[in-house]
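Letter by letter, the chains look like this.
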Amino acid sequence: MEFDVLVVGAGPSGLAAAIRLRQLSLEAGVDLQVCVVEKGSEVGAHILSGAVFEPTALNELIPDWRDRDAPLRTAVSGDKIYFLTGQKSSIRAPGMFVPPAMHNSGNYIVSMGNVCRWLARQAEELGVMLFPGFAASEFLRGEDGAITGVATGDMGLSRSGEQKGNFVPGYHLKAKYTLLAEGCRGHLGKQLIREFDLDAEAQDPQHYGIGLKEVWEVAPERHQPGLVVHGAGWPLAGDATGGSFLYHAEDNQVYLGLIVDLSYSNPHRSPFQDFQLLKHHPLFAETLKGGRRLSYGARALVKGGLQSLPKMSAPGALLLGDDAGTLNAAKIKGNHVAMKSGMVAAEVVFEQLSGEAAAGADLTAYRERFLASWAGDELHRARNFAPAMHKWGTWLGSAFAFIDQKLLRGRAPFTLRDSLPDHATFRPASSSPPIDYPKPDGELSFDRLSSVFLSNTNHEEDQPCHLQLTDADIPIRDNLPKFDEPAQRYCPAGVYEVVRENGEAEPRFQINAQNCVHCKTCDIKDPAQNITWVVPEGGGGPNYPNM
């Protein structure tokens, strides 16, 4: 199947690009064929975000979104920021000390899954072709090595790679330009960066966090529509940084989450159990008490910012949104910047296709124009926020952020560096203090498997494992004695286990791939960089209803 432009991923950046391309083509009277391929079972199935949504890019893309019944219904009514000083104590930050980037007046509390479903409808009305349930598994290339599209994965292969009775071969989707909008640590985006050496000029390696989120229905008397609560500190004291959030959405629902920077050094740490522990803090427990947990999910997010931004184009292909790393860490937001990257990419690609230049060129103007936009200015102003937290921790990092963001407005005459990749930060388990996590109580805190159940995760069990080990011996031979095999703990879905069954002399490393929620943390944090996440069969993974 051939198209003018192929977009991989129906998230905010990919859908914004597709919409903008069709807008431009209709304005010019040109029938530009645009296709979006999405690995989730439906648009929005794999979308997980906080989310406090800033409508800057949406105002540009669809100015009449209010008249089109966009699912932005809960305007932010108030902001509160707390430093959690212990498991029962906290200090509220005075408003005068809160950097402007963290004020949310004019923003909305949303389910980004539902926002993307709405964007998909706008795209289809403009003539965009949407193919959910198809996972882009590999690149197609021209004779000169340029990207000419993607192949979707075969369906109906057994674990050993043999064709089953329901086998369906993948499709070749060809395009003059391929826009990669897979989100953080995208399967193809990672390959493109490596093969074309796109990060060669980046000042620092990319950095990441893992975000864990639950949606709760709470008692009406405990619900304050539009209230945004952010927290920093406990339970991430010592080796870890990050932050927590509690957003009061519509219909007596709250969105609760914890972001743990993947630069943490104690291999005994479990971000999932940190999240469960967080909910017992009075700041959160008072809201959740008597409530009902509706859904759970987890997702890695990019935090490197401007210093880690790669070259965003290669011959025939462009990197959009979190596939490139455009999140604004100081704002704790990425959706609006991701959408802007998609819009800029669409404009550059349309100009190229409208001229006499051949398809498949390296559109270097895309990165230049993105950085020259308001989105690039945001990333420049926010560039010191994340490295300061990594270097100096929550307290000193926050003090620096106040000076950098509030007083200097992001215009400091220097740029902080963060040159150690996240997978290289672990200390040996023998020199790291064990962390004693309490058992879940079944009311506020829960185990991983019951949580994964709420994510509606499903994979065909008899299919090739999408979590590939370069060396199958490393987990037990190297990671277990050095780091007590941290995959057992950094995975938020119980995918990795070290087991010793009756009669087995040695432990073995077990991968429960059917549990995978596609967070990509293993691909990022494994100290040996031995785990590679590849796309499973299309439609597999979580099926988030409203995350």
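Bear in mind that the values here come from a model prediction, so they are computed numbers and not experimental data.

Participant: I'd like a rundown of the pattern of salt bridges, residues and numbers included.
Facilitator: On inspection of all chains with the given rule, the structure shows 32 salt bridges. Residues Arg73 and Glu250 are paired through a salt bridge, measuring 4.0 Å at the closest nitrogen-oxygen approach. Within this pair, whereas Arg73 is found in the loop between helix H2 (56-61) and strand S4 (74-75), its partner Glu250 is found in the loop between strand S16 (242-248) and strand S17 (253-261), the two being separated by 177 residues in sequence. Between Lys164 and Glu460 there is a salt bridge; the shortest N-O distance is 3.8 Å.

Participant: With reference to specific residues and values, describe the domain arrangement of the protein chain.
Facilitator: Annotation of the protein chain at the domain level lists domain 1 (2-65 + 113-204 + 306-381) and domain 2 (448-533). Between the C-alpha centres of domain 1 and domain 2 there is a distance of 29 Å. Taken together, the contacts link eleven residues of domain 1 with 13 residues of domain 2. Of the roughly 1,000 Å² buried between domain 1 and domain 2 on both sides combined, carbon and sulfur atoms contribute 43%. Ranking the residues of domain 1 by area buried against domain 2 places Arg159, Lys164 and Arg185 at the top, with a combined share of 52%. At the boundary of domain 1 with domain 2, the tally comes to three salt bridges.

Participant: So what's going on with the packing of aromatic side chains? Residues and values would help.
Facilitator: What characterises a pair of aromatic rings is the spacing of the ring centres plus the angle enclosed by the ring planes. Counted under the stated rule, the structure contains 13 aromatic pairs. Judged by centre distance (5.7 Å) and plane angle (70°), the rings of Phe134 and Tyr171 are edge-to-face. Of the two residues, Phe134 sits in the loop between strand S8 (129-132) and strand S9 (136-141) while Tyr171 sits in the loop between strand S12 (163-168) and strand S13 (172-180), which places them 37 residues apart along the sequence. Judged by its relative accessible area of 39%, Tyr171 is partly exposed.

Participant: How would you summarise the side chain of Lys520 if you had to cite specific residues and measurements?
Facilitator: By secondary structure assignment, the location of Lys520 is in the loop between strand S23 (508-511) and helix H14 (521-525). In terms of polar contacts, Lys520 uses its side chain to reach the backbone carbonyl oxygen of Cys184, at 3.5 Å. Separated by 3.3 Å, the side chain of Lys520 and the backbone oxygen of Arg185 make a polar contact. What Lys520 contacts, discounting residues up to four positions off in sequence, is Cys184, Arg185, Gly186, Arg299 and Trp533.

Participant: Explain the nonpolar core to me, and be specific about the residues and the numbers.
Facilitator: With 77 residues, the main nonpolar core has Ile109, Trp216, Leu467, Tyr490 and Tyr496 as its most contacted residues. Top contributing element to this core by residue count: S17, with six residues. When residues of this core are assigned to domains, at least three fall in each of domain 1 (2-65 + 113-204 + 306-381) and domain 2 (448-533). Not counting chain neighbours up to four residues away, the residues in contact with Tyr490 comprise Ile210, Tyr264, Pro271, Phe426, Thr521, Cys522, Lys525, Asp526 and Ile531. Within the second largest apolar cluster, 76 residues are counted, among which are Leu119, Val150, Tyr177 and Phe350.

Participant: Describe the sheet that holds S4, listing the residues and the values that go with them.
Facilitator: Pairing is antiparallel across the open sheet formed by three strands, whose spatial order is S3-S7-S4. Either end of the sheet is taken by a strand with one partner, and the two such strands are strand S3 (52-53) and S4. As defined by bridge partners, S3 adjoins strand S7 (residues 108-109) across two bridges and the pair is classed as antiparallel. Within S7, the residue paired with Phe53 across the bridge is Tyr108.

Participant: Any chance you could break down the sheet that holds strand S6 (residues 90-92) for me, citing the residues and the numbers?
Facilitator: With respect to topology, seven strands assemble into an open sheet ordered S6-S5-S15-S16-S17-S14-S18, the strand pairing being mixed. Two strands close off the open sheet at either side, each with one partner strand: S6 and strand S18 (292-302). When the angles between neighbouring strand axes are averaged without regard to direction, this sheet yields 20°. The sheet contact formed by strand S14 (residues 208-217) and S18 spans ten bridges and is antiparallel. Counterpart to Glu214 in the pairing with S18 is Tyr296. The sheet contacts of helix H5 (residues 271-278) involve strand S5 (78-84), S14, S16, S17 and S18, and relative to S17 the element is tilted by about 135°. Against the sheet, helix H10 (residues 385-407) engages S5, strand S15 (227-233) and S17, with an angle of about 115° to S5.

Conventions adopted
Numbers given to residues run from 1 along each chain, matching the order in which its sequence is written. Selection of residues for local features in this predicted model requires a pLDDT of at least 70, selection of side-chain atom pairs for listing and counting requires 80 or more, and totals for whole chains, interfaces and linings are taken over all residues. Each side-chain value is derived from all of the structure's non-hydrogen atoms; neither hydrogens nor water enter the calculation. Note on definitions: salt bridges are taken to be side-chain nitrogens of Lys or Arg within 4 Å of carboxyl oxygens of Asp or Glu. Starting at the N terminus, helices and strands are each numbered in turn, a helix being any DSSP run of H or I of at least four residues and a strand any DSSP run of E of at least two. Reported domain spans reflect what an automatic or database domain assignment gives. Contacts are assigned to residue pairs with any non-hydrogen atoms lying within 4.5 Å of each other. Once two parts are joined, some of their accessible surface, as seen by a 1.4 Å probe, is lost; buried area is that loss totalled over both. Paired rings are identified among Phe, Tyr and Trp, the last through its six-membered ring, by centres lying within 6.5 Å, and are further divided according to the angle between planes into stacked (under 30 degrees), edge-to-face (over 60) and tilted (the rest). Buried, partly exposed and exposed residues are distinguished by accessible area as a fraction of the type maximum, computed with a 1.4 Å probe on protein chains only: under 20%, between the cut-offs, and over 50%, respectively. Pairs of N or O atoms are called polar contacts if they sit within 3.5 Å, as long as, within protein, a hydrogen donor faces a hydrogen acceptor (for residues adjacent in sequence, only side-chain-to-side-chain pairs). Residues grouped as a nonpolar core are buried Ala, Val, Leu, Ile, Met, Phe, Trp, Tyr and Cys residues, joined through side-chain atoms within 4.5 Å. A pair of strands is treated as paired once DSSP finds two or more bridges between them. In this description, a line fitted to the C-alpha atoms serves as the axis of each element, helices being fitted only across the stretch in contact, and the angle between N-to-C directions of two axes falls anywhere from 0 to 180 degrees.

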